[in-house]
Amino acid sequence: MYRSNTCGELRLSDTGKEVTLAGWVYRNRKMGGMTFIDLRDRYGVTQLVFSNEKSEALCHRAGELGREYVIQVTGTVAERSSKNANIPTGDIEVIVSDLTVLNKAETPPFTIEDQTDGGDELRMKYRYLDLRRDVVRKNLELRHRMSIIIRRYLDSLNFLEVETPVLIKSTPEGARDFVVPSRMNAGEFYALPQSPQTFKQLLMVSGFDRYFQIVKCFRDEDLRADRQPEFTQIDCEMSFVDREDILSTFEGLSKHLFKEVLGIEQTEAYPRISWHDAMKYYGSDKPDTRFDMKFVELDGLLKGHGFSVFDDAAYIGGICVEGAAEYTRKQLDELTDYVKKPQIGAKGMVYARVQEDGAVKSSVDKFYSDEVRADLAKVMGAKPGDLILILSGDDVMKTRKQLGELRLEVARRRGLMDPSKFSCLWVVDFPLFEWDEDTQRFYAMHHPFTSPKLEDVALLDTNPKEVRANAYDMVINGVEVGGGSIRIFDSELQQKMFSLLGFTKEKAEEQFGFLMNAFKYGAPPHGGIAYGFDRWVSLFAGLGSIRDCIAFPKNNSGRDVMIDAPSVLDNEQLDELFLKVDLSQLQK
């Protein structure tokens, strides 16, 4: 056998025992007539000792071992004279009597350490080496553990795990599809699923009642820290339920994960906030509520005093930053530059300091009397030592989003985003539709199968913009970890929804006829949710990106730099798929 024990399990109770270990050379150091090697495998690190007194030749061979050599050793477990409290095996060492080099290794392009010297692109190119690092491996171990806990929890509630197809029909609503050409059906294409949405609804029509799947999904969209072109969802659906049933069940799953994984007992119900209030007070439909700094609307107070920037604005809003009146002009200029970045788009920022004597000094003092500035402090709830930051703009929603970005940036700079603190909430009552000025049509804010709130159904004919969706998102620390809705299960209401979204009857039949036909045979009331599994794991692991909890992620350009994908196909493959690609045009 290659090993009798792993590198993470030997303890003082094993002293005197002869063992065989195998793994990778982690560190190699010489001290006088002895060579010490830290041997690493998935389970931990064990110190090996090679002594000239025992075998000069063996000690010499050990000294020649390079980092990441794969070796096998046999020896005797002994108590360490200089113990290492930082590792579980730190009380023992193995006095080696036999060494076999199983495989030599080239010097790695970066150090296999928790604090590596490898940049992101280099580590992704050699991801198989990066995965040897403890910090990365532990993320994947956490992912595995969470998947087991989730399956057991849902199984205990009578959910069935059902696999749905990966090669499906393209439905262009929402993000772009990844498409797959069919060799056997010339000129036709499959799509990779953005979610199993229609299939899980069909399972409810089939009477499965409770479904879940930890499933790969695919979206051809621009990437960022919490997005990948392929990602994993905890996808769930339930029959004969209303919104309260869904929220209760999956808030229960969330609390179960916090308890089992992090040891955090959550006894209070998660707060709920409407989409309208989330935008009004935080400028975001996924507000980070670990800290306060709610927006205060200031139109009535600050308009009409001769400051044209405010007088002509459609919206004026402010936040109060506790204890930040000591900010220097340089720090305030940095914040102003931040909100003026193209990706945020504000034209400027106004600030006001509440001094220790209670007086308020602002960057626009000449337009406002002492009384108005005092009223500003009162309305903002600002105390001596606090700082007020104000944005204004021509577009209410756009300016709120800008103020939301400022709020988050201030929180980052002041260390208010404690990764060990978790603030969970539900955002509910989203608009059912989004209006797009460019195409002059409505789009579904979630997807076309989301039910309107029953009390708003009449508005579909008179004022669709005001219709609220029976939808909900779970938000933790400003991250949307999951979302779902109660579904439309009535064929006529679904047809009306398609019509409002600009589908002709023929187009709706072409894309979703199979679902509409299924509803004719008795569809139960149903609803569901999908959690972003990668986001859950990264949140619990305290990561800033989901990439380090995915074994083989893509970079920000959607490329796998390790295997160099995507790549060009040769002409023979393209001919089989009835595709022609003019590479010269692509290069232009």
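Computed from a prediction, not measured in an experiment: that's the story for all the values here.

### Observations regarding the layout of surface pockets
Line of reasoning, step 1. Each pocket or cavity is described by its volume, and for the second largest pocket that value is around 870 Å³.
Line of reasoning, step 2. Residue lining of the second largest pocket: 24 residues in total, with Phe-178, Val-179, Pro-181, Pro-566 and Ser-567 positioned closest to the centre.
Line of reasoning, step 3. Only β7 (179-181) and α18 (583-587) provide two or more residues apiece to the lining of the second largest pocket.
Line of reasoning, step 4. The dominant element in the lining of the second largest pocket, judged by the number of residues it contributes, is β7, at three residues.

### Details of the pattern of salt bridges
Line of reasoning, step 1. Summed over the entire model, instances satisfying the criterion amount to 51 salt bridges.
Line of reasoning, step 2. The residue Glu-244 makes a salt bridge to Arg-272 at a minimum N-O spacing of 2.8 Å. Residue Glu-244 is found in helix α6 (residues 243-262), and its partner Arg-272 is found in strand β11 (residues 272-274); the two are separated by 28 residues along the sequence.
Line of reasoning, step 3. Put simply, Asp-575 and Lys-580 hold a salt bridge, and the shortest N to O gap is 3.0 Å.
Line of reasoning, step 4. On the basis of relative accessible area, Asp-575 is assigned to the partly exposed category, the value being 39%.
Line of reasoning, step 5. Residues joined in a network through salt bridges with shared partners are Arg-243, Glu-244, Arg-272, Asp-429, Lys-453, Glu-455, Asp-456 and Arg-468.

### Let's talk about the sheet that holds strand β1 (residues 18-31)
Line of reasoning, step 1. Ordered in space as β1-β2-β3-β5-β4, the five strands form a closed barrel in which the pairing is mixed. Sheet twist, expressed as the mean angle between neighbouring strand axes with direction ignored, is 55 degrees.
Line of reasoning, step 2. Pairing of strand β2 (residues 34-41) with strand β3 (residues 44-51) involves eight bridges; the strand directions are antiparallel. Considered in β3, the bridge of Leu-39 is made with Thr-46.
Line of reasoning, step 3. With respect to the sheet, helix α1 (residues 56-63) is in contact with β1, β2, β3 and β5 (92-103), its orientation differing from that of β5 by roughly 70 degrees.

### What about the UniProt feature "binding site: ATP" (unreviewed entry) in the chain?
Line of reasoning, step 1. Under the feature "binding site: ATP" (unreviewed entry), the UniProt entry names Arg-219, Asp-220, Glu-221, Gln-228, Glu-480, Gly-532, Phe-533, Asp-534 and Arg-535. Considered against the second largest pocket, the annotated residues that line it turn out to be Asp-220.
Line of reasoning, step 2. Along the chain, the position of Glu-480 falls in strand β21 (residues 479-486).
Line of reasoning, step 3. For Glu-480, a relative accessible area of 30% puts it in the partly exposed group.
Line of reasoning, step 4. Setting aside residues no more than four positions away along its own chain, Glu-480 makes contact with Lys-286, Asp-473, Met-474, Val-475 and Arg-535.
Line of reasoning, step 5. Within the secondary structure layout, Arg-535 lies in helix α16 (residues 533-541).
Line of reasoning, step 6. For Arg-535, the residues in contact, after removing those within four places along its chain, are Asp-226, Arg-227, Val-479, Glu-480 and Ile-546.
Line of reasoning, step 7. Looking at Arg-535, its side chain comes within polar contact range of the main-chain oxygen of Glu-480, at 2.8 Å.

Conventions we followed
The numbers attached to residues start from 1 for each chain and follow its sequence in the written order. Local features are withheld for residues below a pLDDT of 70 in this predicted model, meaning they are given only at 70 or higher, and side-chain atom pairs are given and counted only at 80 or more; totals for whole chains, interfaces and linings count all residues. With hydrogens and water set aside, each side-chain value is computed from the structure's full complement of heavy atoms. Put plainly, a pocket is an open set of points on a 1 Å grid over the protein atoms alone with protein on both sides within 12 Å along at least five of seven lines, a cavity is a set where a 1.4 Å probe fits but cannot get out, and a lining residue has an atom within 4 Å of a point. Grid points are joined across faces, edges and corners, and a volume is the space filled by probe spheres set on the points. Secondary structure follows DSSP: runs of H or I at least 4 residues long count as helices, runs of E at least 2 residues long count as strands, and numbering of each begins at the N terminus. The term salt bridge refers to a pairing of a side-chain nitrogen on Lys or Arg with a carboxyl oxygen on Asp or Glu at a separation within 4 Å. Accessible area is worked out with a 1.4 Å probe on protein chains only. A residue is then buried under 20% of its type maximum, exposed over 50%, and partly exposed in between. Here, strands pair whenever DSSP counts at least two bridges between them. Axis definition: a line fit to C-alpha positions, over the contact stretch in the case of helices; interaxial angles, taken between N-to-C directions, run 0 to 180 degrees. In what follows, a contact means two residues having at least one pair of non-hydrogen atoms within 4.5 Å. UniProt positions are given in the numbering used here, feature names are shortened, and annotations may be inferred rather than shown by experiment. N or O atoms closer than or at 3.5 Å make up a polar contact, with two conditions inside protein: a donor-capable atom paired with an acceptor-capable one, and, for residues adjacent in sequence, both atoms drawn from side chains.

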